[in-house]
Each structure stands twice: as C-alpha cells, then as structure tokens.
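For reference, the chains in residue letters:
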Amino acid sequence: MASSSASLSRLRAPVQRAIANASLSATRSYATVPTNNLESSQSASSKSTRRPTYFKDTTIASLDDFIPTSSAAAPLAATDAYQLRTAEVGPASNRRTITRLPEWLKTPIPAGNDNFKQIKKDLRGLNLHTVCEEARCPNISECWGGSNKNAATATIMLMGDTCTRGCRFCSVKTNRKPPPLDPHEPEHTAEALARWGLGYVVLTSVDRDDLADGGARHFAETIRKIKAKKPSLLVEALTGDFMGDLDMVKIVADSGLDVYAHNVETVEGLTPYVRDRRATFRQSLKVLEHVKKVRGQQGIITKTSIMLGLGEQEQELMDALKELRSVDVDVVTFGQYMRPTKRHLQVEKYVTPEEFEMWRQRALDMGFLYVASGPLVRSSYKAGEAFIENVLRKRAGENGAAAASNGKLGEAIAI
C-alpha cells in the first residue's frame, strides 16, 4: 500500500509543477519594469539611463596609455619619460592608488603574424610547451614574430608545464606530483626544431624534484637527439640546480650542448624570499662552477640571469657579480622583474634604462664575455643569442684551424 501511494505521488508531481509554473508565468513581472502603470513603463524604457559603475570616464585612462601607438607624438624628455605616474582605481568608498606601468615597459599586444601563428600551431601539434607562454614573457611577439622562422626564437620547456617548486616570482604552475614524463618528448622536440630550421635554440625545463635524477637524463637525451638531427644547431640549456646533485649536472653538461645556463635570479640576501626554499645562491654557484670543471674553460659557455627591481641594493648586486666571475661565468643578463599576478611578489622599483646601461657597463668592466641589460631583457633574449652564436662559431673555427695546423705539423715532423 505504501509503494502504491509513493508511485501516485511521483505521478502527481509533474502535473503540480506544470500548474504552478503556469500560474507564475501569468503574474510574472520584472524588477526593471513596473507592472502597475504601462505608460510609465514605456517612458522608463525610452530613457537610456546608464548603469552606475566603479570606473568613471573622468578617471580611467584611454587605451593609448596602456599600449604603444604608431602616432607621431613628440618624444618625451628623459626626466618626463622616467617619471612614474599613478592612477586611482576602485569604488568611491575604497579608492586606492596604483603605479602605472612605465613607458619603457609597454609592449605590443602579442597578436602575432603568420609566423607567430605557425610556431604556436607546431608547438600544440607536437604537444610541446614553451617558457615564453608559461612565464608570460613580454617579448613573445618579438621573438616568435620574426620575418621568417630562421629569425624567430622560441624557448622550449621540457618535462611538462608543472613545476615541483614554488618560486615567488614565477607564474609556472606548481604541484608536488606533476604528470609523468612524455617518453616521446625528446623526439618531438628534435623534430620541431629541425622543421623550423633555426641556428640557435634554447631549452629549459621545470624543476622535477619528484624524479630521482631531477630529469637530467631526459634533458640530455633531448639534446643528443637534436644534435643527431642537425649537428650544426647550437643548443643552450637553461637548467635547474638538480637539488645540488653535481653528477646530474655533469650528465647534462656532457650531452653535447654549447651553452649551459642556470639563473641565480637575484642577490644572495633576497634569495630566501624570492626563490623556493630548496634553491640557494651558493648551490647555484656550485652548479655553474662544476660545468666549467667538466667541460673546461673554453669548452662551454656558462650563463646566468639576474632580475632587478626586487629591492636589491647596489653593493649586494656588485657582490653577486664578483661571485659569478669567481666561478668563471661568461654571460650575465639583467632584466626588470614584472609581477605576473597579485599572488606574486610586488615590484619594489622600476629600474630605468639608464640604470640598466650602467650595470651593463659595470659587468663588462668586470670581465664578462657578454652582458644583455634592459627592462625587457630575459635570460633567453634573442639579441644575446645572436652574439653567443657568433662567439661559439668563431671558437669552433679557431679550434678547427688549430687542429688542422697541428695535423700539418705532425705530418712535417713525420717526413
């Protein structure tokens, strides 16, 4: 008896809902349209009243203030150009002042040309990742949008797009247990680079502390496959510190690469606050030093990068450069730290182009082979790659000439 009454209730429920909806639709009204007076509703609808918003036309900036334009405006004086501007945002009850992005840090929107779109298509088709996208690099339109693929540069990010570390300046995704490595990634990477016909390529990776070797063998295998497909291609590897395991550093250094890069990111005093706690300034110095021990002074170029604008002091930066030269680092780059999201570290200072030029000159005076310094310079900036490529090819030519002369000398002695 109970089951029959339950089934009757289930049958009545749809009918009851239909009757209730019909009665509601007959009397339904909208909050914006009064139902008591049709004429007043028509007059109200005829008036186009704007909905109040938090942002007013008198305070919000135009689009031209946020992106560079092609208008032939008169250039600003240096004092005006370097002066930071502020803007007030938020509702009237909670107004706050923010610092506007300086003129020298504004870049074009990365819409991209045909070459930009083709490189992105190739990357997605082969399931490859780039640090250009994951780290939101401001130079992506310039590096990917070259006149042809030979002029373009893309920094391939190996071992997935999820890092096991959580540095406070980086926007790459983090997870304690990222997905497993793709065994086809080395072959796909080599295929993509051979397809583009580049002369210089940069490989980097996320930190994979979940792996026994930190991903060193995966990195080395990728480099070997690239060199097998195109021996003339110059390869730069931007690696992590492998948690200080120098045996893993040796595996990558001996894989046939031409430039070994590892970033110290900031001065020693700020390292605990900027980088993941598992990364230290001294550990990074040991990595760069060991690469030179493995390959020799002239056998490989070592490279690092430092962000400015995090609150570093002048003497701290000078001390960092001296430490880098003490382990024979060849190349250093300086760039402006730019906050990816509100969850990351705030920018303490927007360094002017004049200050970047000062640090470039100081580093060159200390004996660095090459220095790239500018607000938008990043560790794999293509202007630096062109110079390093020339140095490497010059060294290869000199070594070849020396080997040839030694061979001729041996033949003369034998005769």
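Provided above is the structure to which this section pertains.
Described in the following lines is the structure provided in the data block.

1. Remarks on the overall build of the chain
For step 1, the next point in the chain: Along the backbone of the chain there are 14 helices and 12 strands.
For step 2, the next point in the chain: Within the chain, contacts between residues separated by at least 24 positions form 72% of all contacts whose residues are at least 6 apart in sequence.
For step 3, the next point in the chain: When the accessible surface of the chain is summed, it comes to about 23,200 Å², and 54% of that surface belongs to carbon and sulfur atoms.

2. Things to note about unusual backbone geometry
For step 1, the next point in the chain: Residue Met159 is not a glycine yet carries a positive backbone phi of 65 degrees.
For step 2, the next point in the chain: By relative accessible area, which is 3% here, Met159 ends up buried.
For step 3, the next point in the chain: Even without a glycine there, the phi angle at Met243 is positive, about 55 degrees.
For step 4, the next point in the chain: Structurally, Met243 is set in the loop between strand S8 (234-238) and helix H9 (246-253).

3. With respect to the pairing of strand S10 (residues 301-308)
For step 1, the next point in the chain: Of all eight residues that make up S10, eight are buried, and the element is covered over most of its length.
For step 2, the next point in the chain: Burial of S10 is two-sided: the residues Ile301, Lys303, Ser305 and Met307 facing one way and the residues Thr302, Thr304, Ile306 and Leu308 facing the other way are all buried.
For step 3, the next point in the chain: Of the pairings in the sheet, the one linking strand S9 (residues 259-261) to S10 comprises three bridges and is parallel in character. Bridged to Tyr260 within S10 is Thr302.
For step 4, the next point in the chain: Between the parallel elements S10 and strand S11 (residues 331-336), the chain passes through helix H12 (residues 314-326) in a crossover that is right-handed.

4. Description of the packing of aromatic side chains
For step 1, the next point in the chain: Evaluated as defined, the whole model comprises zero aromatic pairs.
For step 2, the next point in the chain: The ring of Trp359 carries Arg362 above its face, with NZ or CZ at 4.8 Å from the centroid.

5. Description of the packing of helix H8 (residues 216-229) against H9
For step 1, the next point in the chain: Between H8 and H9, the shortest axis-to-axis distance is 8 Å and the interhelical angle comes to 10 degrees. With respect to their mutual orientation, H8 and H9 come out roughly parallel. Contacts between H8 and H9 pair Ala216, Arg217, Phe219, Ala220 and Ile223 from the former with Met248, Ile251 and Val252 from the latter.
For step 2, the next point in the chain: Within the contact of H8 with H9, the residues separate by chemical class into seven nonpolar, no polar and one charged.

6. A few points about empty space enclosed by the protein
For step 1, the next point in the chain: Counted under the stated rule, the structure contains one cavity of 30 Å³ or more.
For step 2, the next point in the chain: Counted as a void, the largest cavity has a volume near 70 Å³.
For step 3, the next point in the chain: Forming the boundary of the largest cavity are Met159, Ser205, Val206, Asp207, Arg208, Asp209, Gly214, Phe219, Thr239, Gly240, Phe242 and Met243.
For step 4, the next point in the chain: Along the lines of polarity and charge, the residues of the lining of the largest cavity split into five nonpolar, four polar and three charged.

7. Concerning the side chain of Asp207
For step 1, the next point in the chain: Looking at the element boundaries, Asp207 is found in the loop between strand S7 (200-205) and H8.
For step 2, the next point in the chain: Buried and unpaired, Asp207 has Arg165 as its nearest opposite-charge partner, separated by 4.2 Å.
For step 3, the next point in the chain: With residues near it in sequence (within four places) discarded, Asp207 still touches Cys163, Thr164, Arg165, Gly240 and Asp241.

8. Describing the environment of Phe334
For step 1, the next point in the chain: Secondary-structure assignment places Phe334 in strand S11.
For step 2, the next point in the chain: Between the C-alpha atoms of Phe334 and Met307, which are 27 residues apart in sequence, the distance is 5.8 Å.

9. Side note on helix H13 (residues 353-365)
For step 1, the next point in the chain: Its 13 residues place the ends of H13 19 Å apart at the C-alpha level, agreeing with the 18 Å of an ideal helix rising 1.5 Å per residue.
For step 2, the next point in the chain: The inward-facing, buried residues of H13 contact S10, H12, S11 and strand S12 (370-373).
For step 3, the next point in the chain: Directly beyond the C-terminal end of H13, a positive phi value near 110 degrees is found at Gly367.

10. Some points on the side chain of Glu265
For step 1, the next point in the chain: Here Glu265 lies in the loop between S9 and helix H10 (271-274).
For step 2, the next point in the chain: Excluding residues that lie within four positions of it along the chain, Glu265 makes contacts with Phe169, Arg275, Ser305, Ile306 and Met307.

11. Quick look at the pattern of salt bridges
For step 1, the next point in the chain: One pass over the structure, following the stated rule, counts 19 salt bridges.
For step 2, the next point in the chain: Close ionic contact of Glu187 with Lys225 constitutes a salt bridge, the shortest N to O distance being 3.7 Å. Here Glu187 is found in helix H7 (residues 185-196), whereas its partner Lys225 is found in helix H8, with 38 residues between them in sequence.
For step 3, the next point in the chain: A relative accessible area of 33% means that Glu187 is categorised as partly exposed.

What counts, and at which threshold
- Residues numbered from 1 in each chain as written.
- Predicted model: local features only at pLDDT ≥ 70, side-chain atom pairs only at ≥ 80, totals over all residues.
- Heavy atoms only, no water.
- Helix = DSSP H or I, 4+ residues; strand = E, 2+ residues; numbered from the N terminus.
- Contact = heavy atoms within 4.5 Å.
- Areas by Shrake-Rupley, 256 points an atom, 1.4 Å probe, with all protein chains shown as cover.
- Buried < 20%, exposed > 50% of the residue type's maximum accessible area, 1.4 Å probe, protein only.
- Pairing = 2+ DSSP bridges.
- Right-handed = clockwise from strand over helix to strand, strands pointing away.
- Phe/Tyr/Trp six-rings, centres within 6.5 Å; stacked < 30°, edge-to-face > 60°.
- Lys NZ or Arg CZ within 6 Å of the ring centre and 35° of its normal.
- Axes fitted to C-alpha atoms, helices over the stretch in contact; angles between N-to-C directions.
- Parallel < 35°, antiparallel > 145°, perpendicular 65-115°, else oblique.
- Nonpolar A, V, L, I, M, F, W, Y, C, P; charged D, E, K, R; others polar.
- 1 Å grid on protein atoms, 1.4 Å probe; cavity = no way out; pocket = protein on both sides within 12 Å on 5 of 7 lines; lining within 4 Å.
- Points joined across faces, edges and corners; volume = space filled by probe spheres on them.
- Lys, Arg positive; Asp, Glu negative; His and termini not counted.
- Salt bridge = Lys/Arg side-chain N within 4 Å of Asp/Glu carboxyl O.
- Expected span 1.5 Å × (residues − 1).

Spatial relationships are all this shows, so hold off on functional conclusions.
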